[in-house]
Amino acid sequence: MAHTCLGRPPRIGGLHGRTPPIPDNRLMAVYLIGDVQGCDEALERLLQTIGFSASRDTLYVLGDLVNRGPDSVGVLRRLMALDGTAYCVMGNHDLHALAVAAGVRQPSRMDTLQSLLEARDRETLLGWLRQQPLALQAHGVLMVHAGVLPQWSAQDTLGHAAELQDVLRGPEGVAFLQQMYGNEPARWDDALTGLPRLRVIVNALTRLRFCSADGTMEFQTKEGADGAPAGYMPWFDVPARRTAGDVVAFGHWSTLGWLDRTDVIALDSGCVWGGCLSALRLQPGGQHELLQVPCPPAQKPGP
Ligand SMILES: [Mn+2]
């Protein structure tokens, strides 16, 4: 599965390797960045390419900061150092890293978390990761790692994310990480409580790709949008989903690639697979600007 950068040709540097000087008087910029997955060298190169200034610009990173790539420690240290400038949401790989570090989950064959687990500042890095939210709304964009269920408004999404976040940050956090894994229940119901409720929330926010018209989630299929199994569709194409009037940005879906619609922005362009790491510069009222750097493959697709 060879990936190419899917977006429009970058206007600054990037693929063509020509980086014109960034004028000092440029206005503050807001960027969304897709799945970094431990590719710190690519993240550093992307920040250089966009002329990122910590004193002027703001970054939003859409989850899966760690794992699969070679340098999760570097990514976490870099983003931690950008406190107040970079804002992150957690993805499934971030939660998996917390579960493995807590000793409640075995590492999987493709994990590259060992250097994080052995880092001298591991508790600081993991403690910081555990504090990251699962949804954010800023600059008119609702940000999650994977998806939003059709029954949820933007306000509901933030509320449900906060419920989960409170558990993860609290004394029950490790117990939840242990019980987090599982695909059931597959459908949201306002009446859900306890673990089943948290399961649906975590699965929607960090793993969702396809669901049915009634919001039943499907987790087997990892193909692009046209690979929907019978009766299912990409979550953002469910008719009358309650966030249809919002802008929702997400990552997680490398086979979907880069997508810029008026209602959804998808930014996982497969960095860790040898695709690109993408930044989207938000242009309020105008066309967003996509900036990408190509990445060496850190993983081969598994069987
Ligand atoms: Mn993911």
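Residues numbered from 1 in each chain as written. Predicted model: local features only at pLDDT ≥ 70, side-chain atom pairs only at ≥ 80, totals over all residues.

## Description of the overall build of the chain
The cut-off we apply is this: Helix numbers and strand numbers start at the N terminus; a helix is a DSSP run of H or I with at least 4 residues, a strand a run of E with at least 2. With C-beta atoms placed from the backbone, a residue is labelled by how many other C-beta atoms lie within 10 Å of its own: buried for 20 or more, exposed for 12 or fewer, partly exposed between the two. It is the C-beta atoms, placed from the backbone, that decide contacts: two residues are in contact if theirs lie within 7 Å.
For the chain, the helix and strand inventory stands at eight helices and 13 strands. Overall, the C-alpha framework of the chain stretches about 55 × 45 × 40 Å when taken along its three principal axes. Classification of the 303 residues of the chain by burial places 46% in the buried group. Summarising the internal contacts of the chain: among those between residues at least 6 apart in sequence, 71% fall at separations of at least 24.

## Description of the pairing of strand 1 (residues 30–33)
As a reminder, the rule being used: Pairs of strands are assigned from DSSP output, requiring at least two bridges between the strands. Throughout, right-handed denotes a crossover for which the path from the first strand over the helix to the second runs clockwise when the strands point away from the viewer.
Sheet topology note: the strand 1/strand 2 (residues 58–61) ladder contains four bridges and is parallel. Its bridge partner lying in strand 2, Tyr31 is registered against Leu59. In this fold, strand 1 hands off to helix 1 (residues 40–49), which returns the chain to strand 2; that crossover is right-handed. As defined by bridge partners, strand 1 adjoins strand 12 (residues 276–281) across three bridges and the pair is classed as antiparallel. When the sheet's bridge partners are listed, Leu32 is paired in strand 12 with Leu280.

## Focus: the sheet that holds strand 5 (residues 141–143)
In space, the five strands of this open sheet follow the order 4-5-9-11-10, with mixed pairing throughout. Edge positions in the sheet fall to strand 4 (136–138) and strand 10 (259–260), since each has one partner strand and no second. As paired elements, strand 9 (residues 247–250) and strand 11 (residues 264–266) share three bridges and run parallel to each other. Following the sheet pairing, Phe250 is matched in strand 11 by Ala266.

## Notes on the sheet that holds strand 8 (residues 233–234)
Two pairing modes exist for strands in a sheet, parallel and antiparallel, and in both the strands are linked by backbone hydrogen bonds. The antiparallel open sheet is built from three strands, whose spatial order is 7-6-8. Sheet topology places strand 7 (217–218) and strand 8 at the edges, where each strand pairs with a single neighbour. Bridge count between strand 6 (residues 210–211) and strand 7: two bridges; the pairing is antiparallel. If you follow Phe210 over to strand 7, its bridge partner there is Glu218.

## Focus on helix 6 (residues 154–169)
Stated formally: One less than the residue count of a helix, multiplied by 1.5 Å, gives the span that helix is expected to have. Think of the arc as the fan of directions from the helix axis to the C-beta atoms.
Here helix 6 contains 16 residues, and its C-alpha end-to-end distance of 22 Å stays within 8% of the 22 Å for a straight helix at 1.5 Å per residue. Taken residue by residue, helix 6 has Thr157, His160, Ala161, Leu164, Gln165 and Leu168 as its buried positions. All buried residues of helix 6 fall inside an arc of 140 degrees around its axis, so they share one side. Where the residues of helix 6 are buried, they touch helix 5 (122–130), strand 5, helix 7 (173–179) and helix 8 (194–207).

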